[in-house]
Amino acid sequence: MRFDTIIRNGTVATASDTFVCDIGIRDGRIVALASGLEDATDIIDAAGLFVLPGGIDSHVHLAQPSGEGIVMADDFDTGTRSAAIGGNSTVLAFCMQEKGQTLREALKAYHRKAEDRCHVDVAFHLVITDPTPDVLGQELPALVEDGYTSLKVFMTYEGLRLRDDEILATLDAARRTGALVMVHCENEDAIRYLIGRHEEEGKLAPRYHATTRPIPAEREATHRALSLAEIVDVPIVIVHVSNREAMEEIRRARQRGQKIAGETCPQYLMLTADDLDRDALEGAKYVCSPPPRDKASQQACWEGLEQDVFDLFSSDHCPFRYDDAEGKLNEKGKRHFRWIPNGIPGVATRLPILFSEGVMKGRITLNQFVAQTSTNHAKLYGLYPRKGTIAVGADADITLWDPDKRVRITNDLLAHGADYTPYEGLEVRGWPVRLLVRGRTVMASGAMVAEGTTGIYLPRDRSGLVRQQKPDASV
Ligand code: URP
Ligand code: ZN
Ligand code: ZN
Ligand code: ZN
(Lines give C-alpha, C1' and ligand atoms only; values in the text may rest on other atoms or scores of the structure.)
(Ligands and ions follow the chains in the order given, each with its own letter.)
Protein backbone atom coordinates (compact mmCIF):
# COMPACT_ATOMS: atom_id res chain seq x y z
CA MET A 1 0.00 0.00 0.00
CA ARG A 2 1.27 3.47 -0.79
CA PHE A 3 0.80 6.05 1.94
CA ASP A 4 0.71 9.82 1.85
CA THR A 5 2.74 9.90 5.05
CA ILE A 6 4.51 7.43 7.32
CA ILE A 7 5.54 8.34 10.84
CA ARG A 8 8.41 6.05 11.73
CA ASN A 9 10.19 4.86 14.85
CA GLY A 10 8.07 6.81 17.32
CA THR A 11 6.69 5.63 20.66
CA VAL A 12 2.92 5.73 20.30
CA ALA A 13 0.87 6.42 23.43
CA THR A 14 -2.89 6.12 23.71
CA ALA A 15 -5.16 6.34 26.75
CA SER A 16 -4.44 2.68 27.47
CA ASP A 17 -1.19 1.58 25.81
CA THR A 18 2.32 2.62 24.92
CA PHE A 19 4.07 0.84 22.04
CA VAL A 20 6.62 1.38 19.31
CA CYS A 21 5.21 1.26 15.80
CA ASP A 22 4.98 3.08 12.48
CA ILE A 23 1.84 4.88 11.40
CA GLY A 24 0.61 4.90 7.80
CA ILE A 25 -1.61 7.82 6.79
CA ARG A 26 -3.74 8.16 3.68
CA ASP A 27 -6.41 10.72 2.80
CA GLY A 28 -6.18 12.28 6.25
CA ARG A 29 -6.76 9.07 8.17
CA ILE A 30 -4.66 6.48 9.92
CA VAL A 31 -4.76 3.40 7.70
CA ALA A 32 -1.94 1.26 9.14
CA LEU A 33 -0.23 0.64 12.46
CA ALA A 34 2.66 -1.75 11.94
CA SER A 35 6.40 -1.96 11.95
CA GLY A 36 8.56 -1.52 8.87
CA LEU A 37 6.09 0.54 6.83
CA GLU A 38 7.54 1.82 3.56
CA ASP A 39 6.47 3.62 0.44
CA ALA A 40 5.11 7.05 1.17
CA THR A 41 5.30 10.52 -0.32
CA ASP A 42 6.47 11.86 3.01
CA ILE A 43 8.35 10.02 5.75
CA ILE A 44 8.60 11.56 9.21
CA ASP A 45 11.23 10.17 11.54
CA ALA A 46 9.86 10.24 15.09
CA ALA A 47 12.75 8.44 16.80
CA GLY A 48 13.02 9.67 20.38
CA LEU A 49 9.56 11.26 20.26
CA PHE A 50 6.18 10.34 21.66
CA VAL A 51 3.46 10.05 19.04
CA LEU A 52 0.23 11.17 20.69
CA PRO A 53 -3.34 11.73 19.55
CA GLY A 54 -3.65 15.47 18.94
CA GLY A 55 -4.70 17.41 22.00
CA ILE A 56 -8.41 18.16 22.28
CA ASP A 57 -9.21 21.22 24.36
CA SER A 58 -12.91 21.05 25.09
CA HIS A 59 -13.11 24.34 27.01
CA VAL A 60 -12.02 27.32 24.95
CA HIS A 61 -13.59 30.78 24.63
CA LEU A 62 -12.99 32.55 21.32
CA ALA A 63 -14.46 35.74 19.87
CA GLN A 64 -17.11 36.00 22.57
CA PRO A 65 -18.75 39.32 23.39
CA SER A 66 -17.50 40.14 26.88
CA GLY A 67 -19.27 43.24 28.09
CA GLU A 68 -19.35 46.83 26.99
CA GLY A 69 -16.01 48.10 25.78
CA ILE A 70 -14.26 44.77 26.42
CA VAL A 71 -12.77 42.76 23.56
CA MET A 72 -11.64 39.16 23.82
CA ALA A 73 -8.04 38.89 22.68
CA ASP A 74 -8.49 35.86 20.40
CA ASP A 75 -10.70 35.24 17.44
CA PHE A 76 -10.88 31.88 15.66
CA ASP A 77 -7.73 32.65 13.68
CA THR A 78 -5.38 33.53 16.53
CA GLY A 79 -7.02 31.20 19.04
CA THR A 80 -6.71 28.10 16.86
CA ARG A 81 -3.20 29.13 15.85
CA SER A 82 -2.23 29.17 19.50
CA ALA A 83 -4.00 25.84 19.99
CA ALA A 84 -1.85 24.33 17.22
CA ILE A 85 1.37 25.75 18.69
CA GLY A 86 0.42 23.95 21.90
CA GLY A 87 -0.14 20.57 20.19
CA ASN A 88 -3.94 20.64 19.91
CA SER A 89 -5.71 19.40 16.78
CA THR A 90 -9.28 20.13 17.96
CA VAL A 91 -10.89 22.78 20.14
CA LEU A 92 -14.46 23.02 21.40
CA ALA A 93 -15.49 26.66 21.66
CA PHE A 94 -18.61 28.22 23.11
CA CYS A 95 -21.50 29.65 21.13
CA MET A 96 -23.12 32.14 23.47
CA GLN A 97 -26.86 32.72 23.14
CA GLU A 98 -27.75 36.34 23.83
CA LYS A 99 -31.00 36.98 25.67
CA GLY A 100 -33.88 36.97 23.20
CA GLN A 101 -31.79 35.29 20.53
CA THR A 102 -32.62 31.88 19.12
CA LEU A 103 -29.91 29.23 19.30
CA ARG A 104 -29.92 29.02 15.49
CA GLU A 105 -29.22 32.76 15.26
CA ALA A 106 -26.39 32.43 17.74
CA LEU A 107 -24.90 29.49 15.84
CA LYS A 108 -25.11 31.34 12.56
CA ALA A 109 -23.09 34.18 14.06
CA TYR A 110 -20.39 31.86 15.47
CA HIS A 111 -20.13 29.81 12.29
CA ARG A 112 -19.57 33.07 10.44
CA LYS A 113 -16.80 34.03 12.89
CA ALA A 114 -15.11 30.63 12.50
CA GLU A 115 -15.54 29.97 8.80
CA ASP A 116 -12.27 29.67 6.88
CA ARG A 117 -10.32 31.00 9.86
CA CYS A 118 -9.52 27.87 11.85
CA HIS A 119 -6.12 26.21 11.91
CA VAL A 120 -7.37 23.17 13.83
CA ASP A 121 -10.75 21.44 13.85
CA VAL A 122 -13.54 23.10 15.79
CA ALA A 123 -16.89 22.26 17.33
CA PHE A 124 -19.31 24.33 19.41
CA HIS A 125 -20.95 23.95 22.79
CA LEU A 126 -24.14 25.98 23.09
CA VAL A 127 -24.39 28.36 26.04
CA ILE A 128 -28.03 28.65 27.06
CA THR A 129 -28.85 31.97 28.72
CA ASP A 130 -32.52 32.17 27.76
CA PRO A 131 -34.16 28.76 28.23
CA THR A 132 -37.60 29.53 26.86
CA PRO A 133 -40.05 26.68 26.16
CA ASP A 134 -39.33 27.21 22.48
CA VAL A 135 -35.55 26.99 22.92
CA LEU A 136 -35.76 23.86 25.08
CA GLY A 137 -38.72 22.17 23.43
CA GLN A 138 -38.22 22.94 19.76
CA GLU A 139 -34.74 24.22 18.98
CA LEU A 140 -32.60 22.07 21.23
CA PRO A 141 -33.92 18.67 20.03
CA ALA A 142 -33.34 19.66 16.41
CA LEU A 143 -29.87 21.02 17.14
CA VAL A 144 -28.82 17.88 19.00
CA GLU A 145 -29.86 15.88 15.94
CA ASP A 146 -27.74 18.25 13.86
CA GLY A 147 -24.63 17.52 15.94
CA TYR A 148 -24.63 20.23 18.61
CA THR A 149 -24.71 17.73 21.44
CA SER A 150 -23.48 19.68 24.47
CA LEU A 151 -24.37 22.90 26.22
CA LYS A 152 -23.24 24.99 29.15
CA VAL A 153 -25.27 26.72 31.83
CA PHE A 154 -24.05 29.27 34.36
CA MET A 155 -25.02 29.53 38.02
CA THR A 156 -23.13 32.82 38.27
CA TYR A 157 -22.64 36.07 36.31
CA GLU A 158 -25.45 38.58 36.13
CA GLY A 159 -27.19 38.22 32.79
CA LEU A 160 -25.95 34.69 32.21
CA ARG A 161 -26.95 32.79 35.34
CA LEU A 162 -30.02 30.59 35.35
CA ARG A 163 -32.31 30.10 38.34
CA ASP A 164 -32.63 26.57 39.72
CA ASP A 165 -35.99 26.01 38.01
CA GLU A 166 -34.47 27.11 34.71
CA ILE A 167 -31.54 24.77 35.25
CA LEU A 168 -33.94 21.92 35.97
CA ALA A 169 -35.91 22.65 32.81
CA THR A 170 -32.67 22.71 30.82
CA LEU A 171 -31.44 19.47 32.39
CA ASP A 172 -34.78 17.83 31.68
CA ALA A 173 -34.61 18.94 28.04
CA ALA A 174 -31.07 17.59 27.87
CA ARG A 175 -32.27 14.29 29.24
CA ARG A 176 -35.00 14.02 26.63
CA THR A 177 -32.72 14.94 23.75
CA GLY A 178 -29.49 13.25 24.85
CA ALA A 179 -27.51 16.49 25.17
CA LEU A 180 -24.72 16.76 27.74
CA VAL A 181 -24.85 19.74 30.11
CA MET A 182 -21.75 21.47 31.47
CA VAL A 183 -22.33 23.52 34.61
CA HIS A 184 -20.39 26.51 35.92
CA CYS A 185 -20.88 26.15 39.67
CA GLU A 186 -20.63 29.27 41.85
CA ASN A 187 -23.36 30.71 44.07
CA GLU A 188 -24.18 34.09 42.53
CA ASP A 189 -26.24 35.39 45.46
CA ALA A 190 -23.41 34.70 47.90
CA ILE A 191 -20.95 36.41 45.57
CA ARG A 192 -23.23 39.45 45.16
CA TYR A 193 -23.60 39.71 48.91
CA LEU A 194 -19.86 39.56 49.47
CA ILE A 195 -19.19 42.11 46.74
CA GLY A 196 -21.61 44.46 48.52
CA ARG A 197 -19.72 44.03 51.79
CA HIS A 198 -16.36 44.57 50.07
CA GLU A 199 -17.72 47.76 48.50
CA GLU A 200 -18.77 49.08 51.90
CA GLU A 201 -15.25 48.45 53.14
CA GLY A 202 -13.60 49.97 50.05
CA LYS A 203 -11.95 46.68 49.13
CA LEU A 204 -11.87 46.99 45.37
CA ALA A 205 -8.40 45.81 44.26
CA PRO A 206 -7.99 42.72 42.01
CA ARG A 207 -7.20 40.45 44.95
CA TYR A 208 -10.73 40.86 46.27
CA HIS A 209 -12.03 39.02 43.22
CA ALA A 210 -10.83 35.90 45.03
CA THR A 211 -12.25 36.75 48.46
CA THR A 212 -15.72 37.42 47.02
CA ARG A 213 -15.78 34.00 45.35
CA PRO A 214 -14.72 31.70 48.22
CA ILE A 215 -14.57 27.90 48.14
CA PRO A 216 -17.95 27.40 49.90
CA ALA A 217 -19.65 29.39 47.11
CA GLU A 218 -18.23 26.90 44.61
CA ARG A 219 -18.84 23.85 46.80
CA GLU A 220 -22.46 24.77 47.49
CA ALA A 221 -23.20 25.39 43.81
CA THR A 222 -21.46 22.16 42.84
CA HIS A 223 -23.55 20.25 45.35
CA ARG A 224 -26.71 21.96 44.08
CA ALA A 225 -25.92 21.26 40.42
CA LEU A 226 -25.31 17.61 41.24
CA SER A 227 -28.56 17.45 43.20
CA LEU A 228 -30.54 19.04 40.37
CA ALA A 229 -29.01 16.54 37.94
CA GLU A 230 -29.91 13.70 40.31
CA ILE A 231 -33.51 14.92 40.56
CA VAL A 232 -33.87 14.81 36.78
CA ASP A 233 -31.59 11.75 36.41
CA VAL A 234 -29.21 13.14 33.81
CA PRO A 235 -25.41 13.13 33.52
CA ILE A 236 -23.58 16.48 33.81
CA VAL A 237 -20.07 17.84 33.58
CA ILE A 238 -18.77 19.97 36.45
CA VAL A 239 -16.34 22.31 34.73
CA HIS A 240 -13.24 24.12 36.03
CA VAL A 241 -13.11 22.63 39.54
CA SER A 242 -10.66 24.58 41.69
CA ASN A 243 -10.51 22.86 45.08
CA ARG A 244 -10.91 19.73 47.20
CA GLU A 245 -14.40 20.36 48.52
CA ALA A 246 -15.95 20.71 45.06
CA MET A 247 -13.95 17.67 43.92
CA GLU A 248 -15.26 15.61 46.82
CA GLU A 249 -18.82 16.52 45.81
CA ILE A 250 -18.16 14.86 42.45
CA ARG A 251 -16.72 11.78 44.12
CA ARG A 252 -19.73 11.48 46.40
CA ALA A 253 -22.22 11.92 43.56
CA ARG A 254 -20.51 9.09 41.70
CA GLN A 255 -20.70 6.93 44.83
CA ARG A 256 -24.46 7.57 44.82
CA GLY A 257 -24.50 6.20 41.27
CA GLN A 258 -24.69 9.44 39.31
CA LYS A 259 -22.94 9.71 35.96
CA ILE A 260 -20.75 12.78 36.37
CA ALA A 261 -17.71 14.07 34.53
CA GLY A 262 -15.27 16.44 36.21
CA GLU A 263 -12.86 18.96 34.74
CA THR A 264 -9.94 20.91 36.14
CA CYS A 265 -7.57 23.38 34.50
CA PRO A 266 -3.90 24.43 34.62
CA GLN A 267 -4.62 27.57 36.66
CA TYR A 268 -5.80 25.43 39.59
CA LEU A 269 -2.53 23.48 39.58
CA MET A 270 -0.15 26.36 39.03
CA LEU A 271 -1.63 29.59 40.45
CA THR A 272 -2.96 30.72 43.82
CA ALA A 273 -5.03 33.65 45.07
CA ASP A 274 -1.70 35.32 45.97
CA ASP A 275 -1.14 35.86 42.26
CA LEU A 276 -4.10 38.26 42.32
CA ASP A 277 -2.29 40.22 44.99
CA ARG A 278 0.65 41.29 42.84
CA ASP A 279 1.97 44.82 42.68
CA ALA A 280 -0.27 47.59 41.42
CA LEU A 281 -2.89 46.13 39.12
CA GLU A 282 -0.88 43.18 37.85
CA GLY A 283 -3.15 40.89 39.82
CA ALA A 284 -5.76 41.57 37.13
CA LYS A 285 -3.85 39.18 34.86
CA TYR A 286 -4.91 36.28 37.07
CA VAL A 287 -8.58 37.17 37.52
CA CYS A 288 -10.68 34.18 36.46
CA SER A 289 -13.64 32.30 37.90
CA PRO A 290 -13.53 30.26 39.98
CA PRO A 291 -10.38 32.00 41.23
CA PRO A 292 -7.12 30.17 41.88
CA ARG A 293 -7.05 29.09 45.55
CA ASP A 294 -4.08 27.96 47.63
CA LYS A 295 -1.34 25.29 47.73
CA ALA A 296 -3.63 22.76 49.42
CA SER A 297 -6.19 23.21 46.66
CA GLN A 298 -3.49 22.71 44.03
CA GLN A 299 -2.57 19.47 45.77
CA ALA A 300 -6.22 18.41 45.78
CA CYS A 301 -6.54 19.05 42.06
CA TRP A 302 -3.45 16.92 41.46
CA GLU A 303 -5.05 14.15 43.48
CA GLY A 304 -8.18 14.49 41.38
CA LEU A 305 -6.11 13.92 38.25
CA GLU A 306 -4.08 11.08 39.75
CA GLN A 307 -7.22 9.29 40.91
CA ASP A 308 -9.26 10.08 37.78
CA VAL A 309 -11.88 12.06 39.67
CA PHE A 310 -11.24 14.51 36.86
CA ASP A 311 -11.80 13.09 33.40
CA LEU A 312 -10.87 16.31 31.67
CA PHE A 313 -7.94 18.68 31.82
CA SER A 314 -8.94 21.74 29.80
CA SER A 315 -7.52 25.22 29.49
CA ASP A 316 -10.64 27.39 29.93
CA HIS A 317 -8.71 29.65 27.56
CA CYS A 318 -10.46 33.02 27.87
CA PRO A 319 -7.92 35.62 26.79
CA PHE A 320 -7.92 39.35 27.38
CA ARG A 321 -5.10 41.77 26.88
CA TYR A 322 -3.65 43.13 30.11
CA ASP A 323 -2.26 46.51 29.15
CA ASP A 324 -5.30 47.60 27.19
CA ALA A 325 -8.32 49.81 27.81
CA GLU A 326 -10.47 47.13 26.14
CA GLY A 327 -9.06 44.37 28.34
CA LYS A 328 -8.07 43.78 31.94
CA LEU A 329 -7.10 47.43 32.52
CA ASN A 330 -10.27 49.09 31.35
CA GLU A 331 -11.16 52.29 33.21
CA LYS A 332 -13.83 50.68 35.38
CA GLY A 333 -11.69 47.61 36.06
CA LYS A 334 -8.85 49.76 37.34
CA ARG A 335 -11.23 51.11 39.99
CA HIS A 336 -13.15 47.96 40.92
CA PHE A 337 -12.31 44.27 40.48
CA ARG A 338 -15.83 43.41 39.41
CA TRP A 339 -15.27 45.10 36.05
CA ILE A 340 -12.08 43.21 35.28
CA PRO A 341 -13.02 40.67 32.60
CA ASN A 342 -12.77 37.12 33.97
CA GLY A 343 -10.49 34.69 32.21
CA ILE A 344 -6.89 33.90 31.36
CA PRO A 345 -5.12 32.55 28.28
CA GLY A 346 -3.90 28.95 28.30
CA VAL A 347 -4.69 26.94 25.18
CA ALA A 348 -1.02 26.74 24.16
CA THR A 349 0.39 25.93 27.59
CA ARG A 350 -2.11 23.26 28.74
CA LEU A 351 -0.27 20.22 27.39
CA PRO A 352 3.29 21.26 28.32
CA ILE A 353 2.23 22.11 31.87
CA LEU A 354 0.45 18.81 32.49
CA PHE A 355 3.22 16.81 30.84
CA SER A 356 6.04 18.54 32.69
CA GLU A 357 4.41 18.85 36.10
CA GLY A 358 2.35 15.68 35.85
CA VAL A 359 4.06 13.00 33.75
CA MET A 360 7.67 14.07 34.28
CA LYS A 361 7.18 14.43 38.02
CA GLY A 362 5.53 11.01 38.29
CA ARG A 363 2.10 12.26 39.37
CA ILE A 364 0.21 10.80 36.42
CA THR A 365 1.11 8.25 33.76
CA LEU A 366 1.66 9.07 30.11
CA ASN A 367 -1.57 7.20 29.34
CA GLN A 368 -3.52 9.28 31.87
CA PHE A 369 -2.03 12.36 30.23
CA VAL A 370 -3.40 11.24 26.85
CA ALA A 371 -6.79 10.40 28.35
CA GLN A 372 -7.11 13.68 30.25
CA THR A 373 -5.97 15.90 27.40
CA SER A 374 -7.47 14.11 24.39
CA THR A 375 -9.28 10.76 24.56
CA ASN A 376 -11.75 11.59 27.33
CA HIS A 377 -12.67 14.86 25.61
CA ALA A 378 -13.47 12.95 22.41
CA LYS A 379 -15.51 10.32 24.25
CA LEU A 380 -17.39 12.77 26.42
CA TYR A 381 -18.27 15.16 23.63
CA GLY A 382 -19.16 12.70 20.86
CA LEU A 383 -16.03 12.78 18.71
CA TYR A 384 -14.70 9.31 19.50
CA PRO A 385 -13.24 7.23 17.80
CA ARG A 386 -12.77 9.63 14.91
CA LYS A 387 -10.79 11.86 17.28
CA GLY A 388 -8.89 11.27 20.50
CA THR A 389 -6.95 8.12 19.71
CA ILE A 390 -4.39 6.56 17.44
CA ALA A 391 -6.17 3.71 15.70
CA VAL A 392 -6.82 2.51 12.18
CA GLY A 393 -9.74 4.52 10.83
CA ALA A 394 -9.22 7.53 13.11
CA ASP A 395 -8.38 10.96 11.74
CA ALA A 396 -4.61 11.42 11.50
CA ASP A 397 -4.58 14.08 14.23
CA ILE A 398 -1.17 13.53 15.72
CA THR A 399 1.14 15.44 18.02
CA LEU A 400 4.82 14.59 17.95
CA TRP A 401 6.07 15.25 21.43
CA ASP A 402 9.69 15.72 22.46
CA PRO A 403 9.84 14.60 26.10
CA ASP A 404 13.32 15.99 26.59
CA LYS A 405 12.87 19.44 25.15
CA ARG A 406 13.25 22.06 27.86
CA VAL A 407 11.40 25.29 27.28
CA ARG A 408 11.13 28.44 29.33
CA ILE A 409 7.61 29.66 28.63
CA THR A 410 7.46 33.20 27.33
CA ASN A 411 4.51 35.00 25.81
CA ASP A 412 6.11 35.38 22.40
CA LEU A 413 6.13 31.58 21.88
CA LEU A 414 2.38 31.18 22.22
CA ALA A 415 0.90 32.97 19.17
CA HIS A 416 -2.24 34.04 21.01
CA GLY A 417 -3.76 37.51 21.03
CA ALA A 418 -3.15 38.18 24.72
CA ASP A 419 -0.16 40.34 25.67
CA TYR A 420 0.87 38.09 28.55
CA THR A 421 0.85 34.52 29.81
CA PRO A 422 0.23 33.70 33.49
CA TYR A 423 3.08 31.19 33.14
CA GLU A 424 5.80 33.60 31.98
CA GLY A 425 9.19 32.19 32.94
CA LEU A 426 7.94 28.73 33.89
CA GLU A 427 10.44 26.05 32.88
CA VAL A 428 8.86 22.94 31.41
CA ARG A 429 10.30 19.69 30.14
CA GLY A 430 8.43 18.25 27.15
CA TRP A 431 7.06 20.20 24.20
CA PRO A 432 5.04 19.56 21.02
CA VAL A 433 7.38 19.71 18.03
CA ARG A 434 4.99 18.88 15.20
CA LEU A 435 1.21 18.73 14.75
CA LEU A 436 -0.70 16.93 12.04
CA VAL A 437 -4.39 17.70 11.56
CA ARG A 438 -6.08 15.07 9.40
CA GLY A 439 -2.69 14.14 7.99
CA ARG A 440 -1.56 17.65 7.18
CA THR A 441 1.35 19.20 9.07
CA VAL A 442 0.04 22.44 10.52
CA MET A 443 2.78 23.26 13.03
CA ALA A 444 6.46 22.31 13.09
CA SER A 445 9.15 23.48 15.49
CA GLY A 446 6.88 26.07 17.05
CA ALA A 447 5.85 27.73 13.77
CA MET A 448 2.72 27.51 11.65
CA VAL A 449 3.65 25.86 8.36
CA ALA A 450 0.47 25.03 6.42
CA GLU A 451 -0.77 27.29 3.64
CA GLY A 452 -4.11 28.89 4.45
CA THR A 453 -6.36 27.28 7.03
CA THR A 454 -6.81 23.59 7.71
CA GLY A 455 -9.51 23.39 10.38
CA ILE A 456 -13.05 22.26 9.69
CA TYR A 457 -16.24 22.32 11.73
CA LEU A 458 -17.10 18.99 13.39
CA PRO A 459 -20.71 17.94 13.95
CA ARG A 460 -20.76 15.53 16.89
CA ASP A 461 -22.48 12.38 18.10
CA ARG A 462 -24.08 12.25 21.51
CA SER A 463 -21.80 11.94 24.53
CA GLY A 464 -20.54 8.56 25.60
CA LEU A 465 -21.86 9.46 29.06
CA VAL A 466 -25.41 10.00 27.90
CA ARG A 467 -27.86 7.18 27.94
CA GLN A 468 -30.50 8.46 25.63
CA GLN A 469 -34.01 8.61 27.01
CA LYS A 470 -37.14 8.05 25.07
CA PRO A 471 -38.66 11.48 24.23
CA ASP A 472 -41.79 10.70 26.26
CA ALA A 473 -39.97 9.36 29.34
CA SER A 474 -40.55 11.67 32.29
CA VAL A 475 -39.24 12.00 35.81
O1 URP B 1 -13.02 33.23 34.28
C2 URP B 1 -13.39 32.46 33.44
N3 URP B 1 -13.35 31.17 33.63
N4 URP B 1 -13.86 32.93 32.28
C5 URP B 1 -14.38 32.14 31.26
C6 URP B 1 -15.84 31.92 31.39
C7 URP B 1 -16.15 30.69 32.19
O8 URP B 1 -16.86 30.81 33.16
O9 URP B 1 -15.71 29.59 31.84
ZN1 ZN C 1 -17.38 28.77 33.49
ZN1 ZN D 1 -22.39 18.52 49.61
ZN1 ZN E 1 -14.84 28.80 30.54
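Residues numbered from 1 in each chain as written. Chains lettered and ligands numbered in written order. Predicted model: local features only at pLDDT ≥ 70, side-chain atom pairs only at ≥ 80, totals over all residues.

1. Details of the UniProt feature "domain: Amidohydrolase-related" (unreviewed entry) in the chain
Under the convention used in this document: UniProt positions are given in the numbering used here, feature names are shortened, and annotations may be inferred rather than shown by experiment. Only DSSP runs of H or I with at least four residues qualify as helices, and only runs of E with at least two residues qualify as strands; both kinds are numbered from the N terminus onward.
UniProt tags residues 50–442 as "domain: Amidohydrolase-related" (unreviewed entry). The distance separating the terminal C-alpha atoms of residues 50–442 is 18 Å; by composition the span is 36% helix and 18% strand.

2. Structural notes on the environment of Lys152
Note the cut-off: Any residue pair is listed as a contact if its two C-beta atoms, each placed from the backbone, are within 7 Å.
With respect to the helices and strands, Lys152 occurs in strand β11 (residues 150–154). Each C-alpha atom of the pair Lys152 and Ile353 lies 26 Å from the other, and the pair is 201 residues apart in sequence. Excluding its chain neighbours within four sequence positions, the residues that come into contact with Lys152 are Phe94, His125, Val127, Met182 and His184.

3. A few points about the site of ligand 1
This is how the line gets drawn: Residue proximity rests on one test: whether the C-beta atom, placed from the backbone, lies within 6 Å of the molecule or strand. Three classes are used: nonpolar for Ala, Val, Leu, Ile, Met, Phe, Trp, Tyr, Cys and Pro, charged for Asp, Glu, Lys and Arg, and polar for all others, with Gly counted as polar.
Around ligand 1, the surrounding shell consists of His61, His184, His240, Cys288, Ser289, Asp316, Cys318, Asn342 and Gly343. In terms of residue class, the shell around ligand 1 is built from two nonpolar, six polar and one charged.

4. A few points about the nonpolar core
The cut-off we apply is this: Working definition: the nonpolar core is a set of buried Ala, Val, Leu, Ile, Met, Phe, Trp, Tyr and Cys residues, joined through C-beta atoms within 7 Å. Here a residue counts as buried when 20 or more other C-beta atoms fall within 10 Å of its C-beta, as exposed when 12 or fewer do, and as partly exposed in between; the C-beta atoms come from the backbone. Throughout the structure description, domain borders are defined by an automatic or database domain assignment.
Judged by nonpolar contacts, the single largest core of 132 residues is most densely connected at Val51, Leu126, Val181, Val183, Ala225, Ile236 and Ile238. Among the elements that make up this core, the one with the highest residue count is helix α7 (residues 215–232) (seven residues). For this core, the domains that each give at least three residues are domain 1 (3–52 + 392–448) and domain 2 (56–363). When sequence neighbours within four positions are dropped, the list of residues in contact with Val183 reads Val153, Met155, Ala225, Ile236, Ile238 and Val239. One finds Ala210, Leu271, Phe337 and Ile344 within the second-largest nonpolar core, a separate group that totals 12 residues.

5. With respect to the sheet that holds strand β2 (residues 11–13)
What counts, and what does not: Only strands that DSSP links by at least two bridges are regarded as paired with each other.
If you walk across this open sheet you meet the seven strands as β3-β2-β7-β16-β17-β18-β19, and the pairing is mixed. Two strands in the sheet have a free side with no partner beyond their single neighbour: β3 (18–20) and β19 (447–448). In terms of strand pairing, strand β7 (residues 50–53) meets strand β16 (residues 398–408) through four bridges, oriented antiparallel. For Leu52, the partnering residue across the bridge sits in β16 and is Thr399.

6. As for the domain arrangement of the chain
Here the domain parsing of the chain yields domain 1 (3–52 + 392–448) and domain 2 (56–363). Using only C-alpha atoms to locate each centre, domain 1 and domain 2 end up separated by 28 Å. At the interface, 26 residues of domain 1 touch 37 residues of domain 2. Residue assignment for the side of domain 1 that touches domain 2 shows that the elements contributing at least two residues are β16, β17 (427–437) and β18 (440–444). Of all the elements, β17 adds the most residues to the side of domain 1 that touches domain 2, at seven residues. Its residues assigned to classes, the side of domain 1 that touches domain 2 comprises 17 nonpolar, six polar and three charged.

7. Focus on helix α1 (residues 76–85)
The element α1 is extensively covered by neighbouring structure, given that eight of its 10 residues are classed as buried. Those residues of α1 that sit buried are Phe76, Gly79, Thr80, Arg81, Ser82, Ala83, Ala84 and Ile85. Just downstream of α1, Gly87 is the residue with a positive phi angle, here 85 degrees.

8. Here we look at the packing of α7 against helix α8 (residues 244–255)
Threshold: The angle between two axes is taken between their N-to-C directions and runs from 0 to 180 degrees, where each axis is a line fitted to C-alpha atoms and a helix contributes only its stretch in contact. Note that the term roughly parallel is reserved for angles under 35 degrees, roughly antiparallel for angles over 145, roughly perpendicular for angles of 65 to 115, and oblique for everything else. Each crossing gets its hand from how the near helix is turned against the far one by less than a right angle, where anticlockwise is left-handed and clockwise is right-handed.
With their axes 8 Å apart at the nearest point, α7 and α8 run at an angle of 15 degrees to one another. Viewed along their axes, α7 and α8 adopt a mutual orientation that is roughly parallel. Here α7 and α8 pass one another in a crossing that is right-handed. The residues of α8 that touch α7, namely those facing Ile215, Glu218, Arg219, Thr222, His223 and Leu226, are Glu245, Ala246, Glu249 and Ala253. Among the residues making up the contact of α7 with α8, the classes are represented as four nonpolar, two polar and four charged.

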